[in-house]
Amino acid sequence: MSSPPLPPVPRHAGAPRPSWPALPAALRVAIADRLGAPVVTVRVATAGFTRGFAAVLHTADGGRAFVKASPTVAHLTPGYAREAAILDRLPADLPAPRLRWTLDEAGWFALCTDAVDGHTPRLPWARAELDATLAAYAEVAAALADPPAGLTALGLPHLAELARSDILWWEEVAAGREPPPALPAAARGRLPELVALESRLPGYADGATGLIHGDLRVDNVLVGPGGRAWLCDWTWACTGPAWFDLATLLLTAYASGLDTDRIFAAHPVTTGAAPDALDATLAALAGYYLTGADAASATDSPHRSAHQRWSGEQALDWLARRQGWR
């Protein structure tokens, strides 16, 4: 049996981030003041695909917290502010970090949450860790199916709108407005089918009223010592069907050789989904990732393009198998 096609860069080691001493001195002082004690130990996070500061800080009084920070002129800052607003309004008992505070200092924006004691799942997935993540997402999806008024008041975007404006790319390729990405043999000549499949996603998402994570990947998951999974990085939360999150999460499970068709169909969030909702999502994700693989910005990890390309290839391979193209 061949080995699973693992990502070119481990998901727990995708982000080169600034060190604590590299932050402005005034920002470090302000953070320590908010934490109530001097910072004595810093464990910089390595998961993810951005260059923003992110670390667990240990203080002289025995406290610990997780802090993210970015220059206010960087494109990361609006996302950090949006994430802070979302975390502040999530139901308190969900497996998501609790927001403590935010601050603006020395031209930087910082947000602080409780530190989650856990690790990013390694690939290929250990089935126990995937099961814990699937259970955590079922809990989150059930709680956000009828979102609290505070979250609704944020006016978060709808997945259907995001799909039409930023996720559907095969139509752009077909119209000659976007260079065609390199495709594996099984998908060559399948552009009309890809356009048709992805075009169904907005319609399937239109009627959804619950909130979803919007970026549910393995590097946004932490598994604690007791086996509970936590869902982090809520920057892209939006209104949409929970099966979309499930499909994005399961790309790495598919690459791990697991029966993702069965896992998807058995999860409670897929109840009532259209029979080809997964195919529409995989087509859209494949186009989004493959066409975006070379569109990195200065605040992205240098590994982002490889992550995008690998993710697009897995989405397309899963779709090709489901469609009988190979």
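Note that the structure is predicted; figures quoted are calculated from it, not measured. (Residues numbered from 1 in each chain as written. Predicted model: local features only at pLDDT ≥ 70, side-chain atom pairs only at ≥ 80, totals over all residues. Heavy atoms only, no water.)

Draft legend 1. Structural detail: the overall build of the protein chain. Secondary structure assignment for the protein chain yields 12 helices and 9 strands. Whereas a compact globule of 326 residues would reach a radius of gyration of roughly 20 Å, the protein chain reaches 20 Å, a difference of no more than 12%. Along the first, second and third principal axes, the C-alpha atoms of the protein chain reach 60 × 45 × 35 Å. When the 326 residues of the protein chain are sorted by exposure, 53% land in the buried category. Counting contacts in the protein chain only where the partners sit at least 6 residues apart, residues at least 24 apart contribute 73% of the total. With 27 positive and 33 negative side-chain charges, the protein chain shows a spacing of 4 Å between the two charge centroids. (Helix = DSSP H or I, 4+ residues; strand = E, 2+ residues; numbered from the N terminus. Rg over C-alpha atoms; globule rule 2.2 N^0.38 Å. Buried < 20%, exposed > 50% of the residue type's maximum accessible area, 1.4 Å probe, protein only. Contact = heavy atoms within 4.5 Å. Lys, Arg positive; Asp, Glu negative; His and termini not counted. Charge placed at Lys NZ, Arg CZ, Asp CG, Glu CD.)

Draft legend 2. Seen up close, unusual backbone geometry. Here the residue pair Leu 123 and Pro 124 is connected by a cis peptide bond, since its omega of 0° sits within 30 degrees of zero. Its identity as a non-glycine residue notwithstanding, Ala 106 has a phi of 55°, on the positive side. Looking at the element boundaries, Ala 106 is found in the loop between strand 4 (99-105) and strand 5 (108-113). Its identity as a non-glycine residue notwithstanding, Asp 233 has a phi of 55°, on the positive side. Among the structural elements, Asp 233 can be located in the loop between strand 8 (229-231) and strand 9 (238-239).

Draft legend 3. Representation of the pattern of salt bridges within the structure. The tally for this structure, following the rule as stated, stands at 15 salt bridges. Taking the shortest distance from any N to any O, the salt bridge between Arg 200 and Asp 276 comes out at 2.5 Å. Remark: Asp 276 occurs in the loop between helix 10 (260-266) and helix 11 (277-291) and Arg 200 occurs in the loop between helix 7 (191-198) and helix 8 (201-206); sequence separation between them is 76 residues. The exposure class of Arg 200 is partly exposed, given its relative accessible area of 35%. For Asp 276, a relative accessible area of 17% puts it in the buried group. Where Asp 259 meets Arg 262, a salt bridge forms, and the shortest distance between an N and an O atom there is 4.0 Å. For Asp 259, a relative accessible area of 42% puts it in the partly exposed group. Relative accessible area serves as the criterion here: at 44%, Arg 262 is assigned to the partly exposed category. Salt bridges here are not isolated pairs; linked through shared partners, they connect Asp 261, Asp 279, Arg 321 and Arg 322. (Salt bridge = Lys/Arg side-chain N within 4 Å of Asp/Glu carboxyl O.)

Draft legend 4. Just the nonpolar core, in detail. If you look at the biggest cluster of nonpolar residues, it comprises 71 residues, and the most contacted ones within it are Tyr 137, Trp 234 and Leu 250. Excluding anything up to four places from it in sequence, Tyr 137 contacts Ile 212, Leu 216, Leu 231, Ala 242, Asp 245, Leu 246, His 267 and Val 269. Residues Leu 57, Val 67, Ala 69 and Leu 103 belong to the second largest nonpolar core, which totals 19 residues. (Core = buried A, V, L, I, M, F, W, Y, C linked by side-chain atoms within 4.5 Å.)

So yeah, pure geometry; function would need other evidence.
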